[in-house]
Amino acid sequence: MLGGCVSVRRPRAARLGAMLTVCAVVGLAVPAIGRAAGPYVSLGDSYTSAPLVPVPTGNPIGCGRSTNNYPSDVARVIQPSSFTDVSCGSATTANMTQPQSVPFGGTNPPQFNALAAADSLVTVGIGGNDAGLIGVVEECAKLDVIRPFGSACKNHYAAAGGDPNVAAINATGPKVANVLQGIHARAPQARVVIVGYPDGLPVNGSNCWPTVPLSSGDISYINSLEQKLNSVIAAAAGSRATYVDTFSSSIGHDACKAPGVAWVNGVVPTSPGYPLHPNQAGEQNMATRVLLALGVQS
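Residues numbered from 1 in each chain as written. Predicted model: local features only at pLDDT ≥ 70, side-chain atom pairs only at ≥ 80, totals over all residues. Heavy atoms only, no water.

Student: Any chance you could explain the overall build of the protein chain here in plain terms?
Tutor: Counting its regular elements, the protein chain contains 9 helices and 7 strands. The proportion of buried residues among the 298 residues of the protein chain is 54%. Element-wise, carbon and sulfur atoms account for 58% of the exposed surface of the protein chain, whose accessible area totals about 11,600 Å². (Helix = DSSP H or I, 4+ residues; strand = E, 2+ residues; numbered from the N terminus. Buried < 20%, exposed > 50% of the residue type's maximum accessible area, 1.4 Å probe, protein only. Areas by Shrake-Rupley, 256 points an atom, 1.4 Å probe, with all protein chains shown as cover.)

Student: Got a minute to help me understand unusual backbone geometry in this structure?
Tutor: When glycine is set aside, most residues are seen to have a negative phi, and most peptide bonds are trans. The linkage connecting V53 with the following residue, P54, adopts the cis geometry, with an omega of -25°. P60 follows N59 through a cis peptide bond whose omega is 5°. Within the chain, A50 stands out as a residue other than glycine whose phi angle is a positive 60°. With respect to the helices, strands and loops of the structure, A50 is situated in the loop between α1 (46-49) and α2 (70-78). For A50, a relative accessible area of 2% corresponds to the buried category. Even without a glycine there, the phi angle at Q79 is positive, about 50°.

Student: Hey, could you run me through the confidence of the model for the protein chain in this one?
Tutor: Reading predicted coordinates in detail is not appropriate for stretches of low pLDDT. Averaged over every residue, the pLDDT of the protein chain is 88; residues scoring 70 or more account for 88%. With pLDDT under 50 throughout, residues 1-31 is counted as low confidence; its partners more than four residues away or in other chains account for 93 contacts. (pLDDT = per-residue confidence, 0-100. Contact = heavy atoms within 4.5 Å.)

Student: Mind showing me how you'd approach the state of the cysteines here?
Tutor: Tallying each qualifying case throughout the model produces 3 disulfides. The disulfide partner of C63 is C88, and the S-S distance across this bridge is 2.0 Å. Measuring the twist about the S-S bond at about -85°, one finds the C63-C88 disulfide to be left-handed. Here C88 lies in the loop between β2 (83-85) and β3 (100-102) and C63 lies in the loop between α1 and α2, a separation of 25 residues in the sequence. The residue that forms a disulfide with C140 is C153, at a sulfur-sulfur distance of 2.0 Å. Across the S-S bond linking C140 and C153, the dihedral sits near -70°, which makes this disulfide left-handed. Of this pair, C140 sits in helix α4 (residues 133-144) while C153 sits in helix α5 (residues 152-158), and the two are 13 residues apart along the sequence. (Disulfide = S-S within 2.5 Å.)

Student: Explain the pattern of salt bridges to me, please; I cannot follow it from the model alone.
Tutor: Pairing between side chains of opposite charge can happen when their charged atoms approach one another. Taken as a whole, this structure holds 2 salt bridges when the rule is applied. In this structure, R76 engages D73 in a salt bridge whose closest nitrogen and oxygen atoms are separated by 2.8 Å. Of the two residues, R76 and D73 are both situated in helix α2; the distance of 3 residues between them amounts to about one turn of the helix. According to the relative accessible area criterion, D73 is buried, its value standing at 3%. In this structure, D254 and K257 form a salt bridge, with 2.8 Å as the shortest nitrogen-oxygen distance. Under the relative-accessibility criterion, K257 is labelled partly exposed at 30%. (Salt bridge = Lys/Arg side-chain N within 4 Å of Asp/Glu carboxyl O.)

Student: Explain the sheet that holds strand β1 (residues 40-44) here, please?
Tutor: Paired through backbone hydrogen bonds, the strands of a sheet run either parallel or antiparallel to each other. Read across the open sheet, the 5 strands follow the order β2-β1-β5-β6-β7; overall the sheet is parallel. Looking at strand neighbours, the two that pair on one side only are β2 and β7 (242-244), the edges of this open sheet. On average, each strand axis in the sheet is inclined to that of its neighbour by 20°, with strand direction left out of account. Bridging between strand β6 (residues 191-195) and β7 involves 3 bridges; their strand directions are parallel. Bridge assignment links V193 to a residue of β7, and that residue is T242. The strands touched by helix α9 (residues 280-294) within the sheet are β5 (121-125), β6 and β7, with β6 carrying the most contacts at an inclination of about 145°. (Pairing = 2+ DSSP bridges. Axes fitted to C-alpha atoms, helices over the stretch in contact; angles between N-to-C directions.)

Student: How should I be thinking about the environment of A118 in this particular structure?
Tutor: If you trace the backbone, A118 turns up in the loop between β4 (106-108) and β5. The spacing of A118 and A187 is 69 residues in sequence and 6.7 Å in space, taken between C-alpha atoms. Sequence-distant contacts of A118, defined by excluding residues within four places in its chain, comprise P39 and Q189.

Student: Looking at this structure, how should I read the environment of G182?
Tutor: Here G182 is to be found in helix α6 (residues 164-186). Take G182: its relative accessible area is 9%, and that puts it in the buried class. Spatially, the C-alpha atoms of G182 and T97 are 9.1 Å apart, while their sequence positions differ by 85 residues.

Student: What is the right way to read the pairing of β6 from this model?
Tutor: Sheet faces and side chains relate simply in a regular strand, where the side chains alternate between the two faces. Among the 5 residues that make up β6, 5 are buried, leaving the element largely enclosed by the rest of the structure. Summarising the sheet, β5 and β6 pair through 4 bridges and their orientation is parallel. Bridge assignment links L121 to a residue of β6, and that residue is R191. For the handedness criterion, the β-α-β arrangement of β6, helix α7 (residues 216-237) and β7 is classed as right-handed. (Right-handed = clockwise from strand over helix to strand, strands pointing away.)

Laid out in structure tokens, this is it:
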């Protein structure tokens, strides 16, 4: 377990309660991160906020930030002078600069509002919702629930000629690059880390229908999309940020594995957390990868 404690800084203006390559940003000093670090800010979507893993915290509650998401695990180890987590379920790159409506009637202010010139570490996990991958998995599950064989979902998307999901992933790259540039503009002293997405389905294409109602062919299809998204995010990081690969380390802990082994929930959750999202063990692995990238032992 990761241990320790930190103080919590509410984001300014808003006042609200993701193979490791270390890249120096051109023209900027990249500070070392260790224990007792300076201010740490976390940005991102639901793979960062980790709804129901297990206890929601912060405001608005509809963002689903967890007390055991990977940013919180990282913060407990490095013990920053302050820790601000403004990640929010369903966030896209647009929500870095635009407010986001969330369940239960709340609004999450633009996530960039949390950034400040004195920040020493910023982690961000974003891009999956821009690419629409959760929606793809949900559509595939609908198509495959009565078709456990073949590649009905892949064929569905390819029917019009050219895969729109591949196009959406490719279009996500420049958006992620813009996010990283925006972070540097607002937090010029910060070490910036962008966290990729973990492995959700068996890499060998084997299925566990009906627990995860996807055919083997479509599991391979979805896996190819996720790996392409991760490669696009890594390319967008370039010299702008440290890219953290969480996919490789999570192979063998996909949603088809038994409870206690799986780090990602299936369509029907078998552990606290959202469907098709990391559980607490998955978030801990993501935190471990971030800490290794920072040169900190957990």
